[in-house]
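Residue strings, one per chain:
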Amino acid sequence: MVVCCGVYQKIQQQAGFIEFSLLHFEEAKELFLEGQLDVRELISLFPDLLPASSSFIRRNPPLHDIGNVSEMCSFESNEIQSCRKFLLHYLETIRNSMDAAGSKIEIDTALLKLYAEMDYTTLLQFLSGTDIGCQPKEGVEVLHRFQRYHALALFHLKLGENDSALGIWSKIISGEFSDPFYPGLTHFIEFLSKLSDHLLLWKYVDFVLERDQRLGVRIFTERSPSETSERLRPDFIVEYLHRFPVALVKFLEYLVFEKKLEKEKFHTHLAVLYMDNVLQILKLPEPEQTDLNDSRKKLQHLLHSSSLYRVQLLLGKATESNLHKECAILYGKLEEHEKALKILVHQLQDHDAAEDYCIRMSNGRDKKYRHRLFYALLSVYLDSTLEEQKREEMLPAAIQLLNSELAEFDVSKVLQLIPSHWSVAILDQFLVRALRSSLHHRYCCRLQSALARGENLQVKFSKIHIENTSIIMTEDRICAVCKHSFVEPAFARHSNATLTHPQCAKHLNLNLNVSQESNNPFLSDLR
Ligand SMILES: [Zn+2]
């Protein structure tokens with residue numbers, strides 16, 4: 001039966017080669033598959049496609065009398081091409097089947113060569129698959145010959161040769177090699193951002209940053225957070241990036257805003273770079289207004305949001321260059337509110353900003369702090385050292401502030417500040433509100449006091465009640481915490497009637513699952 005089967009298959013294979021020689025590919029494919037043809041018999045008809053290392057010898061007696069495909073097709077190139085396409089499809093069909101067993105190197109080498117020759121897109125997919133049975137030397141040689149450089153780099157990756165892959169990609173980017181299928185610098189950067197060989201990474205940092213600093217900095221900012229390395233220490237990178245100012249700013253922004261590193265030197269460095277940028281724009285003969293606004297907004301945002309930079313250093317620079325808004329923020333950081341408010345009111349004449357300042361700075365602080373700030377603002381408005389005309393100008397703002405819902409004042413202090421010649425009508429709203437809030441405050445205090453007194457009474461009552469109950473102490477009673485008997489005369493009795501040693505009383509919570517109120521210890525002394 002086995003012999004029979006073998007004979008039948010041999011006949012099918014022979015018939016397959018006859019159909020193949022007639023270029024009847026459909027029929028040939030079916031017969032080869034059914035006859036379970038050793039695929040190397042077919043590949044050997046294309047001598048250039050066999051691996052250089054193959055020791056394959058055709059079956060004897062032979063299955064056919066074809067020397068090679070070129071002869072078979074009388075060197076007709078169209079026909080030879082059809083045969084090669086047929087082989088490609090046939091190999092794709094059987095690559096992952098049982099018939100491929102033992103022929104992996106021959107199949108994969110032939111596929112690599114055929115793809116390199118006629119289908120680059122599939123070649124790239126083929127190379128991103130796992131497990132490619134192809135001799136390294138031959139694969140490299142083939143891909144070089146067909147100038148499939150991106151594929152060649154991927155092949156090097158497969159071999160674990162990252163350096164060679166990066167070398168080839170860099171040549172494509174710099175134009176030394178041409179390969180329209182390579183995605184370009186973005187791919188290169190993405191690869192570096194995942195590369196764990198940091199020594200190799202640094203070899204290409206300059207190459208990338210010289211081409212695109214904005215993108216290039218992603219090598220450092222898009223790394224896995226779990227990665228730690230001496231070669232990628234933030235200080236080290238900052239130091240290195242000095243030659244690349246755009247990348248440096250991006251990297252510092254990453255450290256400060258994304259990684260939230262709380263290091264004074266990074267915060268100061270970034271703030272100084274922001275400020276230098278603003279000053280540079282201001283120096284231009286015709287500064288672009290949107291650029292200037294954007295840069296100042298960035299600077300102001302950092303000055304607001306961070307508290308880690310060196311305020312004095314920046315204040316010096318801001319004052320020198322008349323950056324009033326920035327000065328106000330910096331004075332605020334130093335808690336010199338009067339100076340900050342004076343800038344907002346007198347230099348910038350922005351009363352809304354001044355009110356905002358009071359609200360923002362008192363955020364999260366107590367009422368007194370808020371009172372202090374609004375009082376400071378009012379004093380700036382009512383500054384008696386101002387010349388007459390200025391004082392007149394400030395009047396509406398002061399009255400508006402007094403009557404505004406937002407502001408909060410300590411009434412008694414405000415009344416001292418207000419000029420005596422002001423009429424009550426001007427202060428009407430303010431006074432009514434002040435009176436109302438003072439009354440409200442008084443009622444609240446009274447209510448609180450009454451409630452506290454009530455609570456006090458209740459506690460006293462329960463104390464008397466507890467003290468009136470007696471307990472009998474016997475020898476066999478034990479402490480609820482340490483389980484020892486009572487030797488000393490002192491003990492603690494809890495409101496849920498448990499007894500403990502005085503020193504054990506505080507541990508009762510942990511040992512007994514009782515509610516907080518029920519085990520207030522009550523110390524007794526039998527003496
Ligand atoms: Zn005890």
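Residues numbered from 1 in each chain as written. Predicted model: local features only at pLDDT ≥ 70, side-chain atom pairs only at ≥ 80, totals over all residues.

(A) Summary view of the overall build of the protein chain. Check the secondary structure of the protein chain and you find 27 helices and 3 strands. Rg of the C-alpha trace for the protein chain: 44 Å, well past the compact-globule value of 24 Å for 527 residues, more than 25% over. Principal-axis analysis of the C-alpha atoms gives the protein chain an extent of 120 × 95 × 40 Å. Expressed as a percentage of its 527 residues, the buried residues of the protein chain come to 26%. Within the protein chain, residue pairs in contact and separated by at least 24 positions form 51% of the contacts whose partners lie at least 6 positions apart. (Helix = DSSP H or I, 4+ residues; strand = E, 2+ residues; numbered from the N terminus. Rg over C-alpha atoms; globule rule 2.2 N^0.38 Å. Buried ≥ 20, exposed ≤ 12 C-beta atoms within 10 Å, placed from the backbone. Contact = placed C-beta atoms within 7 Å.)

(B) Quick look at the nonpolar core. If you look at the biggest cluster of nonpolar residues, it comprises 104 residues, and the most contacted ones within it are F251 and L377. Aside from chain neighbours lying at most four places away, what touches F251 is V217, F220, T221, I237, V238 and L241. Among the nonpolar cores identified, the runner-up in size contains 8 residues, and C479, A492, L499 and L508 belong to it. (Core = buried A, V, L, I, M, F, W, Y, C linked by C-beta atoms within 7 Å.)

(C) Local environment of the pairing of strand β1 (residues 490-494). Here β1 pairs with strand β2 (residues 499-500) via 2 bridges, running antiparallel. Within β2, the residue paired with R493 across the bridge is L499. (Pairing = 2+ DSSP bridges.)

(D) Region of interest: the environment of L377. Turning to its location among the elements, L377 is positioned in helix α23 (residues 367-381). For L377 and E405, which are 28 residues apart along the polypeptide, the C-alpha to C-alpha distance reads 15 Å. In contact with L377, other than residues within four places in its own chain, are L341, A354, C358 and L401.

(E) Examining unusual backbone geometry more closely. Each neighbour pair has its own omega, and for N60 with P61 the value is 0°, a cis peptide bond. Positionally, P61 belongs in the loop between α3 (39-43) and α4 (69-72). The phi dihedral of F75 falls on the positive side, at around 60°, and the residue is not glycine. Among the structural elements, F75 can be located in the loop between α4 and α5 (77-94).

(F) Quick peek at the packing of helix α21 (residues 337-347) against helix α22 (residues 351-361). Closest axis-to-axis distance for the α21/α22 pair is 8 Å, and the angle between their directions is 155°. Taken as axis vectors, α21 and α22 run roughly antiparallel relative to one another. For the element pair α21 and α22, the recorded crossing hand is right-handed. On α22, the residues that touch H337, A340, L341, L344 and V345 of α21 are H351, A353, A354, Y357 and M361. (Axes fitted to C-alpha atoms, helices over the stretch in contact; angles between N-to-C directions. Parallel < 35°, antiparallel > 145°, perpendicular 65-115°, else oblique. Left-handed = near helix turned anticlockwise from the far one by under 90°.)

(G) Here's a closer look at the packing of α23 against helix α24 (residues 388-403). Between α23 and α24, the shortest axis-to-axis distance is 9 Å and the interhelical angle comes to 155°. Considering their axes alone, α23 and α24 lie roughly antiparallel with respect to each other. Read as a crossing pair, α23 and α24 show a hand that is left-handed. Residues L377, L378 and Y381 of α23 lie in contact with α24, whose contacting residues are M394, A397, A398 and L401. Of the residues assigned to the contact of α23 with α24, the class counts are 7 nonpolar, no polar and no charged. (Nonpolar A, V, L, I, M, F, W, Y, C, P; charged D, E, K, R; others polar.)

(H) Quick look at α21. Residues H337, A340, L341, I343, L344 and V345 constitute the buried set of α21. If you follow the buried residues of α21, they end up packed against α20 (324-333), α22 and α23. A positive backbone phi angle near 50° is found at Q349, which sits one or two residues after α21.

(I) How the structure looks around the environment of Y149. Inspection of the secondary structure puts Y149 in helix α9 (residues 149-158). Residue Y149 is classed as buried on the basis of its C-beta count, with 20 C-beta atoms lying within 10 Å. Between the C-alpha atoms of Y149 and I132, which are 17 residues apart in sequence, the distance is 18 Å. Each residue touching Y149, except ones within four places of it in the same chain, is listed here: I168, I172, F177 and D179.

(J) Molecular detail of α9. Counting buried positions over the 10 residues of α9 gives 8, a clear majority of the element. Taken together, the buried residues of α9 touch α6 (104-118), α7 (120-128), α8 (136-145) and α10 (162-173). Backbone geometry just downstream of α9 places G160 in the positive-phi region, at approximately 80°.

(K) Structural detail: the environment of Q312. Looking at the element boundaries, Q312 is found in helix α19 (residues 311-320). Given 10 C-beta atoms within a 10 Å radius, Q312 is considered exposed. C-alpha separation for the pair Q312 and Y331, spaced 19 residues apart in sequence, amounts to 9.2 Å.

(L) Quick peek at the confidence of the model for the protein chain. On average, residues of the protein chain score 85 in pLDDT, and 95% of them are at 70 or above. Low pLDDT, under 50, characterises residues 513-519; the stretch is placed with 10 contacts to residues that sit more than four places away or in other chains. (pLDDT = per-residue confidence, 0-100.)

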